[in-house]
Amino acid sequence: YHPNPTDNWSSPGWPQGDSHPVVCISWNDAMAYVTWLAKTTGKPYRLASESEWEYAYRAGTNTAYWFGDDVNAGCDSENGADVDAKKIFPDWMTSSCHDGYPISAPVGHFKPNAFGLYDMAGNAWELVADCRHDNYVGAPNDGSAWTTEVKPSDCKNHVRRGGSWDHFTWITRAA
């Protein structure tokens, strides 16, 4: 799979139904959505920080993945590159299990983690509020988002977590 710059949320380059995750959106699109949601509901919505995302993903575990340490055990817990994807993309490195979806899957199809959260990994990358940094030196230690810039170019990119349907499952690990 090679992203096409003309792909967008309504036409991402593969079949998507109304029950699939929103993909191919920009940072500005995500921020416009949370602003709209907060205004519409009267509640203070925002993107999670990277720390908050990891806490929610781990759901009380200390393993590499919320479902354990075996990368090949995740096919009932997340949608990543597996033997189903390999049928379409034969050159990909994949896990050895079947999740039933070669590309994206409907939201909520896989098992929830111990906090009852679905789709914390795989299927679609998740934007968090933090600016992208090369390492964690100087990161906040209180769980808040790291939005200050070390260099002027740092906040041109934001952190994405969780991996996607087109990534080998090891990318979906908690840390």
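That block above? That's the structure.
Computed from a predicted model, the values in this text were never measured in an experiment.

Quick notes on the state of the cysteines
Thinking step 1. Summed over all chains, the structure comprises 1 disulfide.
Thinking step 2. The disulfide bridge from Cys75 ends at Cys97, spanning 1.9 Å between sulfur atoms. Of note, the bridge from Cys75 to Cys97 carries an S-S torsion of about 70° and is right-handed in sense. One end of the pair, Cys75, is in the loop between helix 2 (50-58) and helix 3 (83-86); the other, Cys97, is in the loop between helix 3 and strand 1 (126-131), with 22 residues separating them in the sequence.

Some details on the pattern of salt bridges
Thinking step 1. Across all of its chains, the model carries 6 salt bridges by this definition.
Thinking step 2. Taking the shortest distance from any N to any O, the salt bridge between Glu50 and Arg161 comes out at 3.0 Å. Taken together, the residues span a long stretch of sequence, with Glu50 in helix 2 and Arg161 in strand 2 (residues 158-161) at a distance of 111 residues. With respect to burial, Glu50 and Arg161 carry one shared label: buried.
Thinking step 3. The salt bridge partner of Lys111 is Asp76, with a shortest N-O separation of 3.4 Å.

Focus on unusual backbone geometry
Thinking step 1. Of note in the backbone geometry, Asp119 takes a positive phi value of approximately 55° without being a glycine.
Thinking step 2. Secondary-structure assignment places Asp119 in the loop between helix 3 and strand 1.
Thinking step 3. Classification of Asp119 by relative accessible area gives buried; the value is 15%.

Focus on helix 2
Thinking step 1. Where helix 2 is concerned, the buried positions are Glu50, Trp53, Ala56, Tyr57 and Arg58.
Thinking step 2. Taken together, the buried residues of helix 2 touch strand 1 and strand 2.
Thinking step 3. Positive phi shows up at Ala59, right after helix 2, with a value of about 50°.

Examining helix 1 (residues 27-41)
Three- or four-residue spacings in an α-helix give side chains the same orientation, since the helix completes a turn every 3.6 residues.
Thinking step 1. With 15 residues, helix 1 should cover 21 Å at 1.5 Å per step; its first-to-last C-alpha distance of 21 Å lies within 8% of that length.
Thinking step 2. Turning to helix 1, its buried residues are Ala30, Val34, Leu37 and Ala38. Projected down its long axis, helix 1 carries its buried residues within an arc of 95°, all on one side. Away from the buried face of helix 1 by more than 90 degrees, exposed residues Asn28, Thr35 and Lys39 are located.
Thinking step 3. For helix 1, the N-terminal cap is Ser26; the gap from its side-chain oxygen to the backbone nitrogen of Asn28 is 3.3 Å.
Thinking step 4. Two residues or fewer after helix 1 comes Gly42, characterised by a positive phi angle close to 75°.

Some remarks on the nonpolar core
Thinking step 1. Ranked by internal contacts, the top residues of the largest apolar core, which has 14 residues, are Trp53, Tyr57, Tyr65 and Met120.
Thinking step 2. Looking at this core element by element, the count peaks at 3 residues for helix 2.
Thinking step 3. Setting aside anything within four residues of it in sequence, one finds Trp53 in contact with Ala48, Met120, Glu126, Val128, Arg161, Gly162 and Ala174.
Thinking step 4. In this structure, Trp14, Val23, Ala85 and Ile103 belong to the second largest nonpolar core, which totals 9 residues.

Thoughts on a nonpolar patch on the surface
Thinking step 1. The grouping of Trp9, Val22 and Ile25 at the surface amounts to a nonpolar patch, some 340 Å² of accessible area in total.
Thinking step 2. Positionally, Ile25 belongs in the segment before helix 1.
Thinking step 3. In this structure Ile25 comes out as partly exposed when scored by relative accessible area, which is 36%.

The rules behind these values
- Residues numbered from 1 in each chain as written.
- Predicted model: local features only at pLDDT ≥ 70, side-chain atom pairs only at ≥ 80, totals over all residues.
- Heavy atoms only, no water.
- Disulfide = S-S within 2.5 Å.
- Helix = DSSP H or I, 4+ residues; strand = E, 2+ residues; numbered from the N terminus.
- Salt bridge = Lys/Arg side-chain N within 4 Å of Asp/Glu carboxyl O.
- Buried < 20%, exposed > 50% of the residue type's maximum accessible area, 1.4 Å probe, protein only.
- Contact = heavy atoms within 4.5 Å.
- Expected span 1.5 Å × (residues − 1).
- Arc of directions from axis to C-beta.
- Polar contact = N/O pair within 3.5 Å; in protein donor to acceptor, adjacent residues only side chain to side chain.
- Core = buried A, V, L, I, M, F, W, Y, C linked by side-chain atoms within 4.5 Å.
- Patch = residues over 30% accessible without salt bridge, like charges linked within 9 Å, V, L, I, M, F, W, Y side chains within 5 Å.
- Areas by Shrake-Rupley, 256 points an atom, 1.4 Å probe, with all protein chains shown as cover.

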